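Here are the chains, one letter per residue:
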There are 2 protein chains.
Amino acid sequence: MSVLPKSVKQVIEEFSKLPGIGPKSASRMAYHYLRSSNMDASKLANALLNMETNIKNCNKCFNVSESEECEICGSPLRKKGKICVVEEPLDVVAFEDSGVYDGVYFVLGGVISPSEGIGADELRFKELRKRAEELLLEEDSVEVIIATNPSLEGEATASYVIDIFKNLVKEGKVKITRLAMGLPTGADLEYADRLTLKKALEGRRDI
Amino acid sequence: MSVLPKSVKQVIEEFSKLPGIGPKSASRMAYHYLRSSNMDASKLANALLNMETNIKNCNKCFNVSESEECEICGSPLRKKGKICVVEEPLDVVAFEDSGVYDGVYFVLGGVISPSEGIGADELRFKELRKRAEELLLEEDSVEVIIATNPSLEGEATASYVIDIFKNLVKEGKVKITRLAMGLPTGADLEYADRLTLKKALEGRRDI
């Protein structure tokens with residue numbers, strides 16, 4: 001890499017910080033712009049600067065948005081009696097792309113992870129509680145659907161969500177549910193891991 | 001994707017144009033910047049703009065460079081009697097990283113590829129001939145090492161290089177060589193493809 005001009009090295013360095021991008025891919029990406037005769041590099045640069053300026057968090061669900069209130073929270077078509085609690089904005093995209101959900105969301109901003117120094121204070125638990133109370137002004141009861149990832153951190157985070165709603169659950173105002181765990185569509189039983197099989201067995205249903 | 005803010009979509013679109021980056025990776029890359037609280041997005045943006053402003057081609061070998069003459073062409077340590085002809089600037093990086101070459105380079109800017117509409121006129125054959133003549137002012141003879149990729153297009157491009165040096169070769173001023181083909185280090189004979197085995201056999205050497 002010593003032979004590379006400094007300005008190219010800087011671009012490679014920035015690309016390398018991206019998730020899943022190693023030094024080889026980063027060089028290939030930088031060189032793509034050196035080859036293409038058009039203005040693709042400045043197009044990406046301007047798109048990034050534009051995004052940085054325009055994107056804020058929705059003040060209700062904390063999903064990324066260009067306005068104070070995101071399209072989902074602002075839509076009269078979305079059911080306000082269901083709030084799906086996810087870790088990251090990309091999880092909202094996954095649900096929306098699948099088109100299987102008609103309620104609103106709440107983005108926690110991560111998971112509790114002692115190993116990465118992320119405690120409960122770093123996440124939006126207070127805001128989640130506040131948002132549920134807001135929804136309860138319009139709705140008789142609210143279903144909080146916990147949709148954190150099925151990982152250790154996701155589980156710890158889920159317990160914390162259950163905790164903050166303890167009394168609202170007792171009062172019958174909040175109902176907490178979790179996404180089902182089991183075999184994914186198209187899975188091969190033979191290759192399923194032990195925990196998945198255990199969850200699939202525990203969650204078996206009458207037919 | 002319909003739920004994404006426009007400015008995020010634009011960044012994803014630009015990332016998707018990069019080689020080896022599909023829509024999923026592009027989203028993950030864009031969201032990386034939405035998550036990180038620091039100024040990484042503008043860092044990449046500024047690095048790209050800076051690169052676009054500062055990078056030109058070396059006027060001797062056409063490798064990327066921040067000055068009129070690149071470090072390699074300008075170095076008194078590099079042998080001027082050997083010129084390694086490559087397709088792209090990244091090929092120069094591969095040679096330099098390996099540290100096995102002490103001559104100079106020439107970047108053709110691609111390969112002849114009728115399917116992509118790239119003919120001989122799009123590549124720097126005239127400039128290559130001119131560069132060799134320049135080197136011949138200082139050197140008695142010049143070795144032109146053809147280092148195009150071992151693909152159909154690379155072969156066609158190699159033939160063209162041989163063609164433009166026909167009379168200089170006859171005059172004994174230019175000698176043309178090609179990179180050896182055969183088994184790569186660490187290869188498994190069992191999995192080697194037919195053409196590689198053929199080339200390895202044809203190129204076998206006495207020991």
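Residues numbered from 1 in each chain as written. Chains lettered and ligands numbered in written order. Predicted model: local features only at pLDDT ≥ 70, side-chain atom pairs only at ≥ 80, totals over all residues. Heavy atoms only, no water.

Participant: Can you help me understand the overall build of chain A in this one?
Facilitator: Regarding its fold elements, chain A presents nine helices and six strands. Whereas a compact globule of 207 residues would reach a radius of gyration of roughly 17 Å, chain A reaches 22 Å, over 25% beyond that. With the principal axes as the frame, chain A shows a C-alpha extent of 65 × 50 × 35 Å. Put simply, chain A has 207 residues, and 42% of those count as buried. Counted over contacts in chain A with a minimum sequence separation of 6, partners at least 24 positions apart contribute 46%. When the 28 basic and 33 acidic side-chain charges of chain A are each reduced to a single mean position, those positions are 2 Å apart. (Helix = DSSP H or I, 4+ residues; strand = E, 2+ residues; numbered from the N terminus. Rg over C-alpha atoms; globule rule 2.2 N^0.38 Å. Buried < 20%, exposed > 50% of the residue type's maximum accessible area, 1.4 Å probe, protein only. Contact = heavy atoms within 4.5 Å. Lys, Arg positive; Asp, Glu negative; His and termini not counted. Charge placed at Lys NZ, Arg CZ, Asp CG, Glu CD.)

Participant: Would you take a moment to explain the layout of surface pockets for this structure?
Facilitator: Residue and element names in this part refer to chain B. The volume enclosed by the largest pocket comes to roughly 620 Å³. Around the largest pocket, the lining is made up of 24 residues, and of these D91, A94, F95, N149 and L179 lie nearest the centre. Ranked by residue count, the leading element in the lining of the largest pocket is helix α5 (residues 89–98), at six residues. Per-class residue counts for the lining of the largest pocket are 14 nonpolar, five polar and five charged. (1 Å grid on protein atoms, 1.4 Å probe; cavity = no way out; pocket = protein on both sides within 12 Å on 5 of 7 lines; lining within 4 Å. Points joined across faces, edges and corners; volume = space filled by probe spheres on them. Nonpolar A, V, L, I, M, F, W, Y, C, P; charged D, E, K, R; others polar.)

Participant: So what exactly am I meant to see when it comes to the sheet that holds strand β3 (residues 79–86) of chain B here?
Facilitator: Within a beta sheet, neighbouring strands are joined by backbone hydrogen bonds and run either parallel or antiparallel to one another. Residues and elements named next belong to chain B. Spatially, four strands are ordered β4-β3-β5-β6 in an open sheet, and the strand pairing comes out parallel. The open sheet has two free edges, formed respectively by β4 (103–107) and β6 (174–178), since each of these has just one partner strand. Recorded for the sheet is a direction-independent mean angle of 25° between the axes of neighbouring strands. Across five bridges, strand β5 (residues 142–146) lies against β6 in parallel orientation. Residue pairing in the sheet places V142 in a bridge with V174 of β6. Packed onto the sheet, α5 meets β3 and β4 and runs at close to 160° relative to β4. Strands in contact with helix α6 (residues 125–138) are β3, β4, β5 and β6; relative to β3, the strand with the most contacts, it is inclined by about 170°. (Pairing = 2+ DSSP bridges. Axes fitted to C-alpha atoms, helices over the stretch in contact; angles between N-to-C directions.)

Participant: I'm lost on the interface of chain A and chain B in this one. Help?
Facilitator: By a widespread convention, an interface's size corresponds to the accessible area lost as its parts come together. Contact with chain A, which involves 49 residues of that partner, is made by 49 residues of chain B. For the chain A and chain B pair, buried surface summed over both sides reaches about 4700 Å², with 72% attributable to carbon and sulfur atoms. A per-residue breakdown of the area chain A buries against chain B is headed by V3, L48 and M51 of chain A, which together make up 13% of the total. Linking chain A with chain B are zero salt bridges. (Buried area = accessible area lost by both parts, 1.4 Å probe. Salt bridge = Lys/Arg side-chain N within 4 Å of Asp/Glu carboxyl O.)

Participant: What's the story with the environment of S159 of chain B in this structure? I'm lost.
Facilitator: Residues and elements named next belong to chain B. Here S159 lies in helix α7 (residues 152–164). Take S159: its relative accessible area is 43%, and that puts it in the partly exposed class. When the C-alpha atoms of S159 and E134 are compared, they prove to be 22 Å apart, with 25 residues separating the residues in sequence. Among the polar contacts made by the side chain of S159, one reaches the main-chain carbonyl oxygen of E155 at a distance of 2.9 Å. (Polar contact = N/O pair within 3.5 Å; in protein donor to acceptor, adjacent residues only side chain to side chain.)

Participant: Got a minute to help me understand the domain arrangement of chain A in this structure?
Facilitator: For chain A, the assigned domains read domain 1 (6–54) and domain 2 (57–206). A C-alpha centroid distance of 34 Å is found between domain 1 of chain A and domain 2 of chain A. (Domains from an automatic or database assignment.)

Participant: It is not clear to me how the pairing of strand β4 (residues 103–107) of chain A should be interpreted in this structure. Could you clarify?
Facilitator: Along any regular strand, the residues point their side chains to alternate faces of the sheet. All names here are of chain A. A large share of β4 lies buried, amounting to five of its five residues. The pairing of strand β3 (residues 79–86) with β4 spans five bridges and is parallel. Directly across from I83, in β4, lies its bridge partner V104. What joins β3 to β4 is helix α5 (residues 89–98), and the crossover it makes is right-handed. (Right-handed = clockwise from strand over helix to strand, strands pointing away.)

Participant: Quick question: what am I supposed to make of the relation of the copies chain A and chain B here?
Facilitator: Note on the chain copies: they are related by a rotation about an axis and a translation along it. For these two chains of identical sequence, chain A goes onto chain B by a turn of 180° and a shift of 0.0 Å along the axis, with RMSD 0.1 Å. On the angle and the small slide along the axis, the relation comes out as a two-fold axis. Identified as the residue of chain A closest to the rotation axis by C-alpha distance is A45 of chain A, at 2.0 Å. An overlap of 100% is found between the interface residues of chain A and their copies at the interface of chain B, pointing to a shared contact surface. (Least-squares fit on C-alpha atoms with pLDDT ≥ 70 in both.)

Participant: Whenever I open this one, helix α1 (residues 6–16) of chain A confuses me. Can you help?
Facilitator: An α-helix turns once every 3.6 residues. As a result, residues three or four positions apart point the same way. Of all the positions in α1 of chain A, only S7, V8, V11, I12, E14 and F15 of chain A are classed as buried. Within α1 of chain A, the buried residues cover an arc of 165° as seen down the axis, which keeps them to one side. Looking at the buried residues of α1 of chain A, the elements they touch are α2 (23–35) and α3 (40–54) of chain A together with α1 (6–16), α2 (23–35) and α3 (40–54) of chain B. (Arc of directions from axis to C-beta.)

Participant: So what exactly am I meant to see when it comes to empty space enclosed by the protein here?
Facilitator: Leftover empty space is mapped by rolling, across the atoms, a probe with the size of a water molecule. A complete count under the given rule lists one cavity of 30 Å³ or more for this structure. Its boundaries defined by the atoms lining it, the largest cavity holds a volume of some 40 Å³. Lining of the largest cavity is provided by V3, L4, P5 and Y31 of chain A together with N63, V64, P89, V92 and V93 of chain B. Sorting elements by how many residues they give to the lining of the largest cavity places α5 of chain B first, with three residues. Tallied by class, residues from the lining of the largest cavity come to eight nonpolar, one polar and no charged.

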